[in-house]
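Residues per chain are reported as follows:
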Amino acid sequence: MGKVAIIGVGQTAFVRGYPGSIRELAFDGFKDCMADAGITVKDIDASIVCSAPEYDKQRSPSGVFAEYLGLNPQPTFYLESLCSSSTTGLKLAYSMIKSGLHDVVAVIGFQKMSEISSAESQERMGRGTDVQWESPFGTMMPAYYAMFAGAYMEKYGATLEDLALVRVKASTYGQINEKAVYRKAVTLEMFSDPENPMSGPVSSPLRVGDCCANADGCSCLIVASEEKAKELGKKPVWILGLGSASAPVNMAGRNSFTTLEAAEIAAKQAYKMAGISPKDVDVAEVHDCFTIAEMLAYEALGFAKPGEARDLIRGRETYREGSIPVNVDGGLLSKGHPIGATGGSQVRTIVQQLRGEAGDIQVKDPEIGLVHNIGGVGLYANVTILGRS
Amino acid sequence: MGKREVDDRFKKFGTVSFTSITKTNDFVSQLEQGKIMGTQCKGCGLRFFPPRADCYQCMKSDMEWFEVSGTGKLLAFSKLKYGPVGFEGDLPYCIAVVDYGGCKVFGRIDKAIEDRDIQIGMEMKAVANTLPNGQLNYIFTNP
């Protein structure tokens, strides 16, 4: 069985209040991807739609999208793994192609979060944790990650400034990413100014500036067999490694609050499958839903030893010019985080990097890129390794 | 035909409960009596907190209750400035995980404890608590 490639990537801008319905949002992302791939709907023989369903009035959006995008009568289905849905979709597409059942599969990730209030959205996100035993205490995503931040800072002596530096980096690139919802600069001074909204407390120790924003958006990937990639693809990028793992949903089941164990396991699997080590990665996209999440990712992926993530961010090693550029598209912190669309957007960035088409954020001549996409509070983890050859 | 009686005791758990019917409903009655209970599998002895009705290790569904007693160590915590819908009246409050050796417990920290006195590693005991709206939960407090 041959290799599997990504032959098309696309996404909408991530925005607050997309002025259309979810099928129209999906069309915009799909259209961008199809233009990139240079193929027609006839070339696609299956589609996978990925999102977190609790935001939608529409049940089973895959059927609606297939009709609207002209993807009938090919099979289509719906998949969710919280914030990691679209990289789970990518893994599924890989498996469907590798099995020989399909040749070209579209992975469409979307989320329209703006139809409900921020508080309602937080409540729905909180329900991605243990609703029977945790939610009755009043939980939210920032609070869970804040527990990790507090435990991490206590154990390793990392500071609020280290966390803020992650946001400052994100904004450096968010400002030049026209797809990002947050396009403004963020400085360390903002975090130390009690009058500035960035410094406002959310859930201790995390502040407003440590958290990504809700957004509406759609991403799309076209995944193809080696044969089809060579026939249709202009610049195929190859899937070299896939790792995924899960962890107990209830925090009472976790062994550590200073790492996401599922991410560590997924990373090991992906490196093993690709036959590479962390130092071989030239550019990475990590799931920075909160600043602490990016620090934890550096360590789970082996870019830094436990407790040493701060050295990477302080030394600017994860900037575009550094030894391991991370989230040079602004990350979730600047781009925004439309749950189901996020993983596909991360993959899009890495594919563009490996093709040498990343424009102002292009890192120098990358061969291998990595995507780290997390669902829930480390409940699900997908690590995907992509290569130019 | 009379209405079938429904055991929905679990709807009393927490400020807002998202579950009403569970095989672990006795947890709520025990909480009413001031006890925080986990379950232990009669087949293989594995202990669970939060309590569960079924054991994945030996696949039996025969549990007995044990009390989470004594003191544990605070592993992680965070104080929420914003809460989800339905929890606004409780704000601000602190969520936490405490390790009791045989099991870990997720819950809230007693509001009477000052922020400056909350330290990772401190000893805490879990006690049953009645919320202002009459609902029940448990909180971690000084031993």
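Everything numeric in this text was worked out from a predicted model, so none of it was measured. Each residue is numbered by its place in its chain's sequence as written, counting from 1. Working convention: letters from A go to chains and numbers from 1 go to ligands, in the order in which they are written. Local features in this predicted model are restricted to residues of pLDDT 70 or higher, and side-chain atom pairs are both shown and tallied only at a pLDDT of 80 or more, whereas totals for entire chains, interfaces and linings draw on every residue.

(A) Up close: the pairing of strand 4 (residues 104–112) of chain A. All names here are of chain A. Field definition: a residue is buried when 20 or more other C-beta atoms are found within 10 Å of its C-beta, exposed when 12 or fewer are, and partly exposed for counts in between, with C-beta atoms placed from the backbone. Strands are runs of DSSP state E lasting at least 2 residues, helices are runs of H or I lasting at least 4, and numbering of each runs from the N terminus. Burial within strand 4 is extensive, with nine of its nine residues counted as buried. Going residue by residue along strand 4, you find Val104, Ala106, Ile108, Phe110 and Lys112 tucked away on one face and Val105, Val107, Gly109 and Gln111 tucked away on the opposite face as well. Here strand 2 (residues 46–50) runs beside strand 4; their pairing, made up of five bridges, is parallel. Within strand 4, the position partnered with alanine 46 by the bridge is valine 105. Strand pairing requires that DSSP identify at least two bridges connecting the strands.

(B) Looking closely at the environment of A:Asp288. Residues and elements named next belong to chain A. Looking at the secondary structure, you find aspartate 288 in the loop between strand 9 (283–285) and helix 10 (291–300). Residue aspartate 288 is classed as buried on the basis of its C-beta count, with 29 C-beta atoms lying within 10 Å. The sequence separation of aspartate 288 and aspartate 210 amounts to 78 residues, and the corresponding C-alpha distance is 9.3 Å. By definition, residues are in contact whenever their C-beta atoms, placed on the basis of the backbone, come within 7 Å of each other. Each residue touching aspartate 288, except ones within four places of it in the same chain, is listed here: Val166, Ala170, Cys212, Ala293, Glu294, Asn327, Gly331, Leu332 and Leu333.

(C) A look at unusual backbone geometry. The omega torsion across A:Ser204 and A:Pro205 is 0°, close enough to zero to call that bond cis. Its location among the elements puts A:Pro205 in the loop between strand 5 (201–203) and strand 6 (206–207). The omega angle of the peptide bond from B:Leu91 to B:Pro92 is -10°, so this bond is cis rather than trans. Assignment of secondary structure puts B:Pro92 in the loop between strand 4 (72–80) and strand 5 (93–99). For A:Ser60, which is not glycine, the phi dihedral falls at a positive 55°. Accessibility expressed as a C-beta count within 10 Å gives 13 for A:Ser60, which makes it partly exposed. Although it is not a glycine, B:Met59 sits at a positive phi angle of roughly 65°. Along the polypeptide, B:Met59 turns up in the loop between strand 2 (47–48) and strand 3 (63–67). Under the C-beta neighbour-count criterion, B:Met59 is labelled exposed, with 10 such atoms within 10 Å.

(D) Just the environment of B:Lys104, in detail. Take B:Lys104: it is sitting in strand 6 (residues 104–109). When the C-alpha positions of B:Lys104 and B:Lys73 are compared, they lie 9.2 Å apart, and in sequence the two are 31 residues distant. Discounting chain neighbours no more than four positions away, the residues touching B:Lys104 are A:Ala252, B:Phe49, B:Val97, B:Val98 and B:Asp99.

(E) Quick peek at the interface of chain B and chain A. Residue-level contacts link 34 residues of chain B with 31 residues of chain A. Looking at the side of chain B that touches chain A, the elements that each hand over two or more residues are strand 4, strand 5 and strand 6 of chain B. For the side of chain B that touches chain A, the element with the most residues is strand 4 of chain B, which contributes six residues. Each residue gets one of three labels, nonpolar for Ala, Val, Leu, Ile, Met, Phe, Trp, Tyr, Cys and Pro, charged for Asp, Glu, Lys and Arg, and polar for the others, Gly among them. The residue makeup of the side of chain B that touches chain A, split by class, is 20 nonpolar, nine polar and five charged.

(F) Spotlight on helix 3 (residues 85–98) of chain A. Residue and element names in this part refer to chain A. The span expected for a helix works out to 1.5 Å for each residue beyond the first. A rise of 1.5 Å per residue sets the reference length of helix 3, with its 14 residues, at 20 Å; its end C-alpha atoms lie 20 Å apart and thus fit the reference within 8%. With 11 of its 14 residues buried, helix 3 lies for the most part within the structure. All of the buried residues along helix 3 are Ser85, Ser86, Thr87, Thr88, Gly89, Leu90, Lys91, Ala93, Tyr94, Met96 and Ile97. Of the residues flanking the end of helix 3, it is glycine 100, one or two places downstream, whose phi is positive at about 90°.

(G) Spotlight on the domain arrangement of chain B. Residues and elements named next belong to chain B. In terms of domain boundaries, chain B breaks down into domain 1 (9–67) and domain 2 (72–141). For the domain bounds, the source is a domain assignment made automatically or taken from a database. Once you take the C-alpha centre of each, domain 1 and domain 2 turn out to be 20 Å apart. Across the boundary between the two partners, domain 1 contributes 14 residues, which contact 15 residues of domain 2. Counting residues per element, the side of domain 1 that touches domain 2 draws most heavily on helix 1 (residues 26–32), at three residues. A per-class count over the side of domain 1 that touches domain 2 returns six nonpolar, four polar and four charged.

(H) Focus on the sheet that holds strand 10 (residues 368–375) of chain A. All names here are of chain A. The mixed open sheet is built from nine strands, whose spatial order is 3-2-4-7-1-8-11-10-9. Edge strands, defined here as strands with exactly one partner in the open sheet, are strand 3 (76–79) and strand 9. On average, each strand axis in the sheet is inclined to that of its neighbour by 25°, with strand direction left out of account. Only the stretch in contact is used when fitting a helix axis, every axis being a line fitted to C-alpha atoms; angles between N-to-C directions are given from 0 to 180 degrees. Of the strands in this sheet, strand 1 (4–11), strand 2, strand 4, strand 7 (216–225), strand 8 (237–246), strand 9, strand 10 and strand 11 (380–387) touch helix 13 (residues 339–355), which is tilted by about 115° from strand 1.

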